[in-house]
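Now for the letters of each chain:
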Amino acid sequence: MPLVRYRKVVILGYRSVGKTSLAHQFVEGEFLEGYDPTVENTYSKIVTLGKDEFHLHLVDTAGQDEYSILPYSFIIGVHGYVLVYSVTSLHSFQVIASLYQKLHEGHGKTRLPVVLVGNKADLSPDREVQAVEGKKLAESWGATFMESSARENQVLGLKIRGKIRVVVFFLWHCLVV
Ligand code: GDP
């Protein structure tokens with residue numbers, strides 16, 4: 001009998017950084033053109049990893065800014081976070097740092113499994129945030145860092161290059177322990 005584990009993962013970040021596109025790419029395996037602001041949407045997916053079955057609930061949120069108050073539902077019963085900014089928006093990177101502080105305050109001293117994702121890496125000529133800055137921020141949290149392109153379905157980490165699925169794989173890496 002496989003061991004079934006329930007995992008709730010919340011995707012946070014400033015609006016229009018690609019949260020929905022990443023979630024959709026991960027769950028449906030396709031890129032959505034056009035911008036349709038999300039209210040809030042939960043994707044469910046069963047994923048098998050070794051002998052274990054994970055019932056993943058991926059919560060795609062409406063987008064936050066530095067003034068947002070995070071609801072309890074983003075804190076209680078959450079196993080991990082994907083914090084997304086766009087490499088083309090310095091502001092979205094600054095918002096991520098303030099969101100992390102809020103999460104940290106909400107969770108107290110408990111370990112916070114986080115993956116920091118710099119999305120829209122395919123738009124490199126329009127870059128406002130260098131990969132090294134994302135890496136430094138993630139390191140200061142003890143988090144995993146990667147850049148991605150939801151459009152190209154690519155993840156570009158320091159040592160990895162692969163499909164968007166890797167994002168959630170890394171998250172499990174934190175969660176499985
Ligand atoms: P959200 O508000 O954070 O959920 O952002 P969306 O997923 O709705 O994406 C906002 C806009 O950015 C849409 O027009 C997407 O097509 C576009 N977008 C999302 N991810 C990427 C990406 O990796 N590369 C490029 N070039 N565009 C993207």
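Residues numbered from 1 in each chain as written. Predicted model: local features only at pLDDT ≥ 70, side-chain atom pairs only at ≥ 80, totals over all residues. Heavy atoms only, no water.

With that out of the way, let us pick up the overall build of the protein chain. If you tally the helices and strands in the protein chain, you get four helices and eight strands. Reading the protein chain from its N terminus to its C terminus gives the helix and strand order β-α-β-β-β-α-β-α-β-β-β-α. Within the protein chain, the fraction of its 177 residues that count as buried is 47%. For the protein chain, contacts bridging at least 24 residues in sequence account for 69% of all contacts bridging at least 6. As displayed, the protein chain has an accessible area near 9300 Å², and 55% of this comes from carbon and sulfur atoms. (Helix = DSSP H or I, 4+ residues; strand = E, 2+ residues; numbered from the N terminus. Buried < 20%, exposed > 50% of the residue type's maximum accessible area, 1.4 Å probe, protein only. Contact = heavy atoms within 4.5 Å. Areas by Shrake-Rupley, 256 points an atom, 1.4 Å probe, with all protein chains shown as cover.)

The next point concerns the packing of aromatic side chains. Two numbers describe a pair of aromatic rings. These are the distance of the centres and the angle of the planes. In this structure the tally under the stated criterion is two aromatic pairs. For the pair Tyr 85 and Phe 93, a centre-to-centre distance of 4.8 Å together with 65° between the ring planes defines the contact as edge-to-face. The exposure class of Tyr 85 is buried, given its relative accessible area of 0%. Classification of Phe 93 by relative accessible area gives buried; the value is 11%. Ring centres of Tyr 100 and Trp 141 lie 4.0 Å apart, and the angle between their planes is 5°; on these two criteria the pair is classed as stacked. (Phe/Tyr/Trp six-rings, centres within 6.5 Å; stacked < 30°, edge-to-face > 60°.)

Time to look at the packing of helix α2 (residues 90–107) against helix α3 (residues 131–141). Running from N to C, α2 and α3 cross one another at 0°; their axes reach a closest spacing of 12 Å. The angle between α2 and α3 places the two elements in the roughly parallel class. The segment α2 lies against α3, with Phe 93, Ile 96, Ala 97 and Tyr 100 engaging Glu 133, Gly 134, Leu 137 and Trp 141. Looking at the contact of α2 with α3, its residues break down into six nonpolar, one polar and one charged. (Axes fitted to C-alpha atoms, helices over the stretch in contact; angles between N-to-C directions. Parallel < 35°, antiparallel > 145°, perpendicular 65-115°, else oblique. Nonpolar A, V, L, I, M, F, W, Y, C, P; charged D, E, K, R; others polar.)

This part covers the site of the ligand. The environment of the ligand is made up of 19 residues, and the closest members are Ser 16, Lys 19, Ser 21, Asp 122 and Ala 150. The contact in question runs from an oxygen atom of the ligand to an N or O atom on the backbone of Gly 18, over 3.0 Å. In isolation the ligand offers 580 Å² of accessible surface; the protein chains occlude 92% of this area. In a pocket analysis with a 2 Å cut-off to the grid points, the ligand is assigned to the largest pocket. Tallying contributions element by element places helix α1 (residues 19–28) first for the shell around the ligand, with three residues. Broken down by class, the residue content of the shell around the ligand amounts to six nonpolar, eight polar and five charged. (Near = heavy atom within 4 Å. Polar contact = N/O pair within 3.5 Å; in protein donor to acceptor, adjacent residues only side chain to side chain. 1 Å grid on protein atoms, 1.4 Å probe; cavity = no way out; pocket = protein on both sides within 12 Å on 5 of 7 lines; lining within 4 Å. Sits in = over half its atoms within 2 Å of the grid points.)

Our focus in this paragraph is the confidence of the model for the protein chain. Across the protein chain, the average pLDDT comes to 85, with 86% of residues at 70 or higher. Taken together, the chains of this predicted complex give a pTM of 0.91 and an interface ipTM of 0.99. (pLDDT = per-residue confidence, 0-100.)

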